[in-house]
Amino acid sequence: MAGPPARAPRGARGFRVALYGHDTCGLGHLRRNLALAGALRGSPLRPDVLVVTGSPQAQRFARPAGVDLLVLPSVRKDADGRYAADALDVPLQDVVALRAATATAALTAWRPDLLVVDKAPTGFRGELLGALTALRAAGRTRTVLGLRDVLDDPAAARAEWRRDGGEAALARFYDEVWVYGDPSVHDLRDDLRLPPAQRAATRFLGYLAADRPAGTGDPLPRRDPRARTVLASVGGGADGERLTRALLRAPLPAGVELVLLPGPFAPAALRSELVAAARRPEVHVVPFTDAVGRWAAAADAVVCMGGYNSVAEVLATTTPALVVPRTRPRREQQVRAEALARAGVLDVATDPAPHELGAWVRRALRRGPVTREGLALDGLAAVRRRAAHLLRARPCGAPVPGLPGALAPVSGGSVARAC
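Residues numbered from 1 in each chain as written. Predicted model: local features only at pLDDT ≥ 70, side-chain atom pairs only at ≥ 80, totals over all residues. Heavy atoms only, no water.

S.K.: Tell me about the overall build of the chain, residues and numbers included.
M.R.: From N to C terminus, the chain includes 14 helices and 15 strands. Sorting the 419 residues of the chain into buried and exposed places 51% on the buried side. Long-range contacts, defined here as pairs at least 24 residues apart, represent 76% of the contacts in the chain between residues at least 6 apart. When the accessible surface of the chain is totalled, it reaches about 17900 Å², and 54% of it is carbon and sulfur. (Helix = DSSP H or I, 4+ residues; strand = E, 2+ residues; numbered from the N terminus. Buried < 20%, exposed > 50% of the residue type's maximum accessible area, 1.4 Å probe, protein only. Contact = heavy atoms within 4.5 Å. Areas by Shrake-Rupley, 256 points an atom, 1.4 Å probe, with all protein chains shown as cover.)

S.K.: Account for the pattern of salt bridges, with residues named and values stated.
M.R.: Under the defined criterion, the tally for this structure stands at 29 salt bridges. A salt bridge links Glu313 to Arg31; the nearest nitrogen and oxygen atoms lie 2.5 Å apart. One end of the pair, Glu313, is in helix H11 (residues 308-315); the other, Arg31, is in helix H1 (residues 28-41), and 282 residues separate them in sequence. In this structure Glu313 comes out as partly exposed when scored by relative accessible area, which is 22%. Judged by relative accessible area, Arg31 falls into the buried class, the value being 18%. The partner of Glu273 in a salt bridge is Arg249, with the nearest N and O atoms 4.0 Å apart. Of the two residues, Glu273 sits in helix H9 (residues 268-277) while Arg249 sits in helix H8 (residues 241-249), which places them 24 residues apart along the sequence. Judged by its relative accessible area of 26%, Glu273 falls in the partly exposed class. Judged by its relative accessible area of 52%, Arg249 is exposed. (Salt bridge = Lys/Arg side-chain N within 4 Å of Asp/Glu carboxyl O.)

S.K.: An account of the nonpolar core is requested, with residue identities and associated values reported.
M.R.: Formed by 55 residues in total, the largest nonpolar core has its most connected members in Leu19, Trp178, Tyr180, Leu231 and Leu340. Discounting residues that sit within four places of it in the chain, Trp178 has contacts with Val116, Val144, Leu145, Gly146, Leu147, Arg203, Leu205, Val383, Arg386, Ala387 and Leu390. Formed by 33 residues, the second largest nonpolar core is a distinct cluster that contains Val96, Phe124, Ala169 and Val177. (Core = buried A, V, L, I, M, F, W, Y, C linked by side-chain atoms within 4.5 Å.)

S.K.: So, the sheet that holds strand S7 (residues 142-148): which residues are in play, and what are the values?
M.R.: In space, the seven strands of this open sheet follow the order S3-S2-S1-S6-S7-S8-S9, with parallel pairing throughout. Both edges of this open sheet fall to strand S3 (67-71) and strand S9 (202-204), since each of them pairs with a single strand only. For this sheet, the mean angle separating the axes of adjacent strands, direction not counted, is 20 degrees. Here strand S8 (residues 176-180) pairs with S9 via three bridges, running parallel. Across the sheet, the residue bridging to Val177 is Thr202, located in S9. Packing of helix H2 (residues 92-110) onto the sheet brings it into contact with strand S1 (16-21), strand S2 (48-53), S3 and strand S6 (114-118), and relative to S1 it is tilted by some 165 degrees. (Pairing = 2+ DSSP bridges. Axes fitted to C-alpha atoms, helices over the stretch in contact; angles between N-to-C directions.)

S.K.: Describe the sheet that holds strand S14 (residues 321-323), with residues and values.
M.R.: Taken in spatial order, the six strands make up an open sheet running S12-S11-S10-S13-S14-S15, and their pairing is parallel. Lying at the two open borders of the sheet, with one neighbouring strand each, are strand S12 (283-285) and strand S15 (347-348). Relative to strand S11 (residues 256-261), strand S10 (residues 228-233) runs parallel, the two sharing six bridges. Bridge assignment links Ser233 to a residue of S11, and that residue is Leu261.

S.K.: Explain the environment of Phe15 to me, and be specific about the residues and the numbers.
M.R.: Tracing the chain through its elements places Phe15 in the segment before S1. Separated by 97 residues in the primary sequence, Phe15 and Pro112 have C-alpha atoms spaced 7.6 Å apart. Setting aside residues no more than four positions away along its own chain, Phe15 makes contact with Leu45, Pro47, Asp48, Asp113 and Leu391.

S.K.: Account for the pairing of S10, naming residues and giving values.
M.R.: Along S10, five of the six residues are buried, which leaves the element largely enclosed by surrounding structure. Remark: the S10/H8/S11 crossover connection has right-handed handedness. With four bridges joining them, S10 and strand S13 (residues 301-304) adopt parallel strand pairing. By the bridge assignment for S13, Val230 is matched with Ala301. (Right-handed = clockwise from strand over helix to strand, strands pointing away.)

Quick look at the structure:
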């Protein structure tokens, strides 16, 4: 059997990819880009991958060889969606200018063959405009806008898309649009009211669910080997305080242990309660893990918020799941959870009381495994295929001006500009 493809000799230039996520709140963009980086490194082309992120938590996550990080100065977002500098005591516009200069310098020096931008078509507050303009003028970088399945409720998503100049940015800078979802569950093109050419240029790749087996053995913390386990995850934790407290008060059935992931951004006011809760024999509090997907597969039931990555990890398993979405400052999680509930692959509850959580756990344990085979769950494999198609395309030998009006489909259904 053939071994893995040989790495290009040190000093020789192999394929290069850059993945950008603005990461101003939580861990969603970072985790999605690390999943993409791992998938790309597993492809036959084995490109070197630079992940450009605004998350100060980036170094906590494992990453494969051939993947490195560039961490931009951090920005935070409060519960009402207002932004401010995070670590630096300076005006927001100064941090944005620093981030923009850093991203432009790094990406033009890296000269990627493929750039994938997560969600924001010109970056946070337009911080990618300089880099996108320079890379497009240089003429060797294929650019892709990657969008999660749901951005917000349709009216809010459309308003933000217009405010950020999404349609014009696609026409000027991008070769292809990837949506990480299933249009039979939710069609983002309808939300954004994309014009016909951009609608045709949008590819639904499927959910970025795990593309390999969960592994052998049971990695979950467990005091009693006979115990059944409920995994509870609130994502980064910045907005999961209410659900975390409800879970700690939920009346779980006898013989059930709760594995609680409060997230690295759990509020300070909650931490003393978590220390006390961890002394209970049926509760495990795990401040951080990058094995959520494997743990979800090993658990008997999952309770989580409705962020994209949390839900995608659940969809890759047969574990019954209850999604408790946040509803502000965006309704994204609620729209996603309700669409998937209509598809019959998970349950949804908004702000359940402790006794309701306990009742759901009892029902889920009686019901057992859930079939999710009807969904498009091969998004990571599709990313590898599409990236390989773009990386193998002959690079342009001259500067490529932005096309006016819209993306232009070419043969094979891909989108590119002629060289």
